[in-house]
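Here are the chains, one letter per residue:
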Amino acid sequence: MRLPDGTTVEEHDLVNEGDVLVGGQSTVEFGVRGRNVVAGERARFGGDIEAEADVRLDMWSDVEGNVLAGGDAYLGERAHISGRLVVGGDLDIGDDVDIEEGFEANGWIVIRNPMPTVVFFMAYLAQLLRLGEEAEAQELIDELSSDADAPPITIPRGAHVSDDAWRASTPAEIGAECRLHGNVRATEIEVGADSNLFGSLRAQDDIVVGVDTKVHGDVTTRGGDVYVREGALILGDVSGENVIVHPDADIDGGIRARGEMTLDREPRRDPE
């Protein structure tokens, strides 16, 4: 799970200037707002989707709200939208799609079964290469893999995101100047500077709390270390194998280290 710098939850919407990428069988109990919104099969959203550009929802996706796309929209078969669909460009729609309050599109409307997102990109790339369009193929690869000015929110397959908890069976990377509600559960967690997290952090491996970041809850790891950087404030207990704390950090609760508790002016994870 990756939440880039400046990610916030505003009025029950997950907001990012870049794209929002949601893996299959994930549940996001928020609405989402971003540039492009792409979701895998059986993804579920608990609010509206608003995209400046395109929206692509794979088969069996479910949206408890409206879907607004400034560009094109692609809906796989048996997708469900409880509200209204408004598309600024073209609409590519599969069989048995249910849009309860109707839809409108300013461009072409094609009724068929759009292929799954990953298959679509791979097929498009293969076709470019067959046609000898190596430059366009490389441009597509660069666009998909580049570090853009506004990197995407990435929710991995099978994750669950809500006001209560952010759960993923992968590492969680939370950027700088983020504001989130809910307990974070992941294999390991790293939080950037100046973020404000209204919940606890729990991981199997290492946890890093960034400079001047505030955590309104406990910070606990089962088998890793906890690193608390300069100016960080933890309003709860800290527990880990080893706990490494900057002298200018503040921990309101207790500290439990199964190994060592260390004061370090540059607390960071050791090089691998």
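Going along each chain's sequence as written, the residues are numbered from 1 onward. At least 70 in pLDDT is required for a residue's local features to be given in this predicted model, at least 80 for side-chain atom pairs to be given and counted, and no such filter applies to totals for whole chains, interfaces and linings, which use all residues. Here the side-chain values reflect all heavy atoms present in the structure, with hydrogen atoms and water set aside.

- In the annotation of an unreviewed UniProt entry, the protein is listed under the name Acyltransferase and assigned to Halarchaeum nitratireducens.

**What to know about the overall build of the protein**
- The helix and strand inventory of the protein stands at 2 helices and 38 strands.
- For the protein, the proportion of its 272 residues judged to be buried stands at 46%.
- By the convention used here, residues are in contact when the closest approach between their heavy atoms is within 4.5 Å. Residue pairs in contact within the protein that sit at least 24 positions apart in sequence constitute 19% of those at least 6 positions apart.
- Per-residue and other accessible areas were derived by the Shrake-Rupley procedure at a 1.4 Å probe size, with only the shown protein chains allowed to occlude residues. In the structure as shown, the protein presents an accessible area of about 13,400 Å², 45% of it carried by carbon and sulfur atoms. By the criteria applied, helices consist of DSSP H or I runs no shorter than four residues and strands consist of E runs no shorter than two, each listed in order from the N terminus. Relative accessibility under 20% of the residue-type maximum defines a buried residue, over 50% an exposed one, and the middle range a partly exposed one, all with a 1.4 Å probe and only protein chains included.

**Details of the packing of aromatic side chains**
- To pair, rings of Phe, Tyr and Trp, with the six-membered ring standing in for Trp, must have centres within 6.5 Å; the planes then decide the type, stacked if under 30 degrees apart, edge-to-face if over 60, and tilted in the middle. Across all of its chains, the model carries 1 aromatic pair by this definition.
- Relative to Trp166, the ring of Phe30 has its centre 5.7 Å away and its plane inclined at 40°; by these criteria the two rings are tilted. In this pair, Phe30 sits in the loop between strand 5 (27–28) and strand 6 (31–34) while Trp166 sits in strand 22 (residues 165–167), placing the two residues 136 residues apart along the sequence. The same class applies to Phe30 as to Trp166, namely buried.

**Section: the sheet that holds strand 31 (residues 219–221)**
- As summarised here, the arrangement of the 12 strands in space is 17-14-11-8-5-21-22-25-28-31-34-37, forming an open sheet in which the pairing is mixed. Lying at the two open borders of the sheet, with one neighbouring strand each, are strand 17 (98–99) and strand 37 (255–257).
- In this structure, strand 25 (residues 183–186) lies alongside strand 28 (residues 201–203), joined through 3 bridges in parallel fashion. The partner of Arg185 across the bridge, within strand 28, is Arg202. Two strands pair under a simple rule: DSSP has to find at least two bridges between them.

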